[in-house]
Amino acid sequence: MKNLLFAIAVVLSFNLTSLAQSELLTTAESSNYTLTSTHQEVLNFVSSLDKESPYLRIETIGNTSEGKPIPLLILANPMIDSPEQLKEDKRLVVYFQANIHSGEVEGKEATQALARELLKDPKSHIFKNLIVLIVPDLNADGNDKMSDQNRTNQNGPKAVGERQNGQFLDINRDAMKLETPEMQAVVSNIYNRYDPAIVVDMHTTNGSYHVEPITFTWQMNPNGDRNLINYMRDKMMPWVSETLLHKYKTLNCYFGEFIDRGDRSKGWFSYASEPRYMTNYVGLRNRLSILNENYVYADYETRVKSSYKLLLTIMDFAIANKKEIKNLLAEADRKSLMKGTNPAKADSFAIKYEGRPTPNPETIMTYEVEVIKKENMRTQYKRTDRRADVTVPYIADYYATEQVSYPYAYIISVADQKVLDALRRHGIELKQLKQDRELDVSEYNFTKISPTTRLNQGHYLNQIEGEFSNAHKTFKAGTHYVLSSQKLAGLIAYLLEPEMDDNLLTWNFFDRYLVPQWGNYYFPYPVYRVEKPVDL
């Protein structure tokens, strides 16, 4: 297997100086790494690849709010005609996504180059073992608003796009509420249809100073499958890190920021644990997910080539561990299908959680800093040229501090189309009562509902307090309900449990049903828990 992976590396080695003059080049390559692609240049590049190879198919998974098409590249030999064929396919599906924040551009350039290099050898062991999906420019609207005033701290290229999409929303905060056409397209037409086993979301850092040009981490929300989280933490990510360093000669570390840049012994912290972030959302769907963050102060060419090598390394691991990965995912799905079906063996779901150190600390190649104090401002730090490598706790293991059991089902007592559409877009199956039913349920009663003081993605997020009580309720025929026993059990509970930090209630989907037109009291939360199996 080692010889096989070395051969793959040789075939796909990426070096600008070896490119033939007549070869199709990315905008980054043709400009000697001073420019990045417009969306039209991306479309032109992938269209040229498509004309030359039967092993590439391009699907438009959706359109941006400004009407730009979002291309999905499917690379396979043999090519599949439809996602339905994947049920009997022994290959593993991997998905590489770039430019969700369109100022963070190196993934966009690296994935285009990767597609070109893969298609040069359709008989490679990559094609024998993997089906590769690529979206090189997810945020096309933001991408084309290029300016040299965007991300001015970033070390190249000359001008980049904006973080937000055409709706002025952050797509990488939209995985749960699905308000952007870009995220809707990814969930509906990639996750629900192709169900990739491994997902990589590519970004550029904004935080701490260090030497390593590339960082990455894994899904960490504790409501994903714990076996998958531990597999990433204990096997896949260490393997990727070592292989990237020794085989591809690329310095790397796990993604994070120092908790306290003045006292780095406090730890290296991966803070984004909610499933509004793409990486954690994929974890809730019982799949392996990697957040790639390339170092903002590394030069542009280094960032492009380092992220390219990361993708090679991930494919190396996927090939070497294909059967094991398939078995792990199948077992995670099997366990999800049992959620809520056996009250005597109740599975728990974290409604509050905290980050803890991983079993092994992380070494960061960093620099000493100097304090810059400005009046009426928080303490700021300036990097020096004095190296100071540190080995510190890595705070990236999230565990429940408060939890509840999975119910047999959730009953949604209001026929709100926006709520129902959101659930269906996620791929969640809804059913309807055939006749009026009287049921014993758990009802959540609010004691306090207050908005956040600051707008977040166009929302004042709900902050709630309350408690459950037993109730006997009548539900009309046609009322929608959701069984927990689905592959997306973790996602279902996260969206519908009232006390979660990233659910539909938090994002204002149920606001109109929470208070009366007159009076200063609250209605019960219009989603009820059916605790035990019952014929609905």
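Refer to the preceding data block for the structure.
Residues numbered from 1 in each chain as written. Predicted model: local features only at pLDDT ≥ 70, side-chain atom pairs only at ≥ 80, totals over all residues. Heavy atoms only, no water.

Novice: Sorry if this is basic, but what is going on with the overall build of the protein chain here?
Specialist: Summing up its helical and strand segments, the protein chain has 13 helices and 22 strands in all. For the protein chain, the C-alpha radius of gyration of 24 Å lies close to 24 Å, the compact-globule estimate for 536 residues. Seen through its principal axes, the protein chain has C-alpha atoms that stretch 75 × 65 × 45 Å. The contacts of the protein chain with a sequence gap of at least 6 include a subset with a gap of at least 24, amounting to 77%. For the protein chain, the exposed surface amounts to about 22,600 Å²; the carbon and sulfur share of it is 47%. (Helix = DSSP H or I, 4+ residues; strand = E, 2+ residues; numbered from the N terminus. Rg over C-alpha atoms; globule rule 2.2 N^0.38 Å. Contact = heavy atoms within 4.5 Å. Areas by Shrake-Rupley, 256 points an atom, 1.4 Å probe, with all protein chains shown as cover.)

Novice: Got a minute to help me understand the pattern of salt bridges in this structure?
Specialist: Two side chains carrying opposite charge are able to pair once their charged atoms lie near each other. Per the counting criterion, the structure on display carries 41 salt bridges. Across the salt bridge formed by Arg-163 and Asp-170, the nearest N and O atoms sit 3.2 Å from each other. According to the relative accessible area criterion, Arg-163 is partly exposed, its value standing at 33%. Salt-bridge contacts for Arg-386 lead to Glu-368; the nearest nitrogen and oxygen are separated by 2.6 Å. Residue Arg-386 is found in strand β14 (residues 380-387), and its partner Glu-368 is found in strand β13 (residues 367-372); the two are separated by 18 residues along the sequence. (Salt bridge = Lys/Arg side-chain N within 4 Å of Asp/Glu carboxyl O. Buried < 20%, exposed > 50% of the residue type's maximum accessible area, 1.4 Å probe, protein only.)

Novice: Please clarify how helix α4 (residues 106-119) should be interpreted in this entry.
Specialist: For an α-helix, 3.6 residues make a turn, and residues three or four places apart therefore share a direction. Taking 1.5 Å as the rise per residue, α4 with 14 residues should run 20 Å; its terminal C-alpha atoms sit 20 Å apart, in good agreement. With respect to burial, α4 is a largely interior element, 14 of its 14 residues being buried. (Expected span 1.5 Å × (residues − 1).)

Novice: Just checking my understanding: could you explain the side chain of Asn-172 for this structure?
Specialist: The topology assignment puts Asn-172 in the loop between α6 (140-143) and α7 (181-194). By relative accessible area, which is 5% here, Asn-172 ends up buried. At 2.9 Å, the side chain of Asn-172 and the backbone nitrogen of Met-278 are in polar contact. Contacts of Asn-172, omitting those with residues within four sequence positions, involve Ile-100, His-101, Asp-201, His-203, Arg-276, Tyr-277 and Met-278. (Polar contact = N/O pair within 3.5 Å; in protein donor to acceptor, adjacent residues only side chain to side chain.)

Novice: What is the right way to look at the sheet that holds strand β16 (residues 394-405) in this model?
Specialist: Neighbouring strands of a sheet are bound in pairs by backbone hydrogen bonds; such pairs are parallel or else antiparallel. Pairing is mixed across the open sheet formed by four strands, whose spatial order is β8-β9-β16-β11. In the strand order of this sheet, the two ends are held by β8 (257-258) and β11 (348-357), each with one partner. Examined bridge by bridge, strand β9 (residues 268-269) and β16 share two bridges and lie parallel to one another. Each bridged residue has a counterpart across the sheet, and for Phe-269 the counterpart in β16 is Ile-395. (Pairing = 2+ DSSP bridges.)

Novice: I tried to follow unusual backbone geometry on my own but got confused; where do I start?
Specialist: Generally, phi is negative for residues other than glycine and the peptide bonds are trans, each holding for most cases. Residue Pro-78 is bonded to the preceding Asn-77 through a cis peptide linkage, with omega at 5°. When you line up the elements, Pro-78 lands in the loop between β2 (69-75) and β3 (92-97). Here the bond from Gly-156 into Pro-157 is cis, since omega is 0°, no more than 30 degrees from zero. Topologically, Pro-157 is positioned in the loop between α6 and α7. Non-glycine residue Tyr-33 carries a positive phi angle of around 60°. Mapped onto the fold, Tyr-33 is located in the loop between α2 (27-30) and α3 (39-52). With relative accessibility at 7%, the residue Tyr-33 sits in the buried group. Here Gln-457, not a glycine, exhibits a phi torsion of approximately 55°, which is positive.

Novice: What exactly am I supposed to notice about the packing of aromatic side chains here?
Specialist: Two aromatic rings are characterised by how far apart their centres lie and by the angle between their planes. This model, assessed by the stated rule, comprises 24 aromatic pairs. For the pair Phe-255 and Tyr-271, a centre-to-centre distance of 6.4 Å together with 55° between the ring planes defines the contact as tilted. Placement of Phe-255 in the loop between β7 (252-254) and β8 and of Tyr-271 in the loop between β9 and α9 (278-284) is noted, with a sequence separation of 16 residues between them. Accessibility expressed as a relative area gives 8% for Phe-255, which makes it buried. Judged by its relative accessible area of 39%, Tyr-271 is partly exposed. Over the face of the ring belonging to Tyr-399 we find Arg-226, whose NZ or CZ atom lies 4.1 Å from the ring centre. (Phe/Tyr/Trp six-rings, centres within 6.5 Å; stacked < 30°, edge-to-face > 60°. Lys NZ or Arg CZ within 6 Å of the ring centre and 35° of its normal.)

Novice: Any chance you could explain helix α12 (residues 417-425) here in plain terms?
Specialist: Of the positions making up α12, those classed as buried are Val-419, Leu-420, Ala-422 and Leu-423. Buried positions in α12, seen along its axis, are confined to an arc of 160° and lie on one side of it. The inward-facing, buried residues of α12 abut β17 (409-412), β21 (480-483) and α13 (489-496). N-capping of α12 is provided by Asp-416, with a side-chain oxygen placed 3.0 Å from the backbone N of Lys-418. (Arc of directions from axis to C-beta.)

Novice: Could you clarify how one ought to interpret the pairing of β16 in this entry?
Specialist: Every other side chain in a regular strand lies on the same face of the sheet, so the side chains alternate between the two faces. Sheet topology note: the β11/β16 ladder contains nine bridges and is antiparallel. Looking at β16, one finds that Phe-349 is bridged to Val-404.

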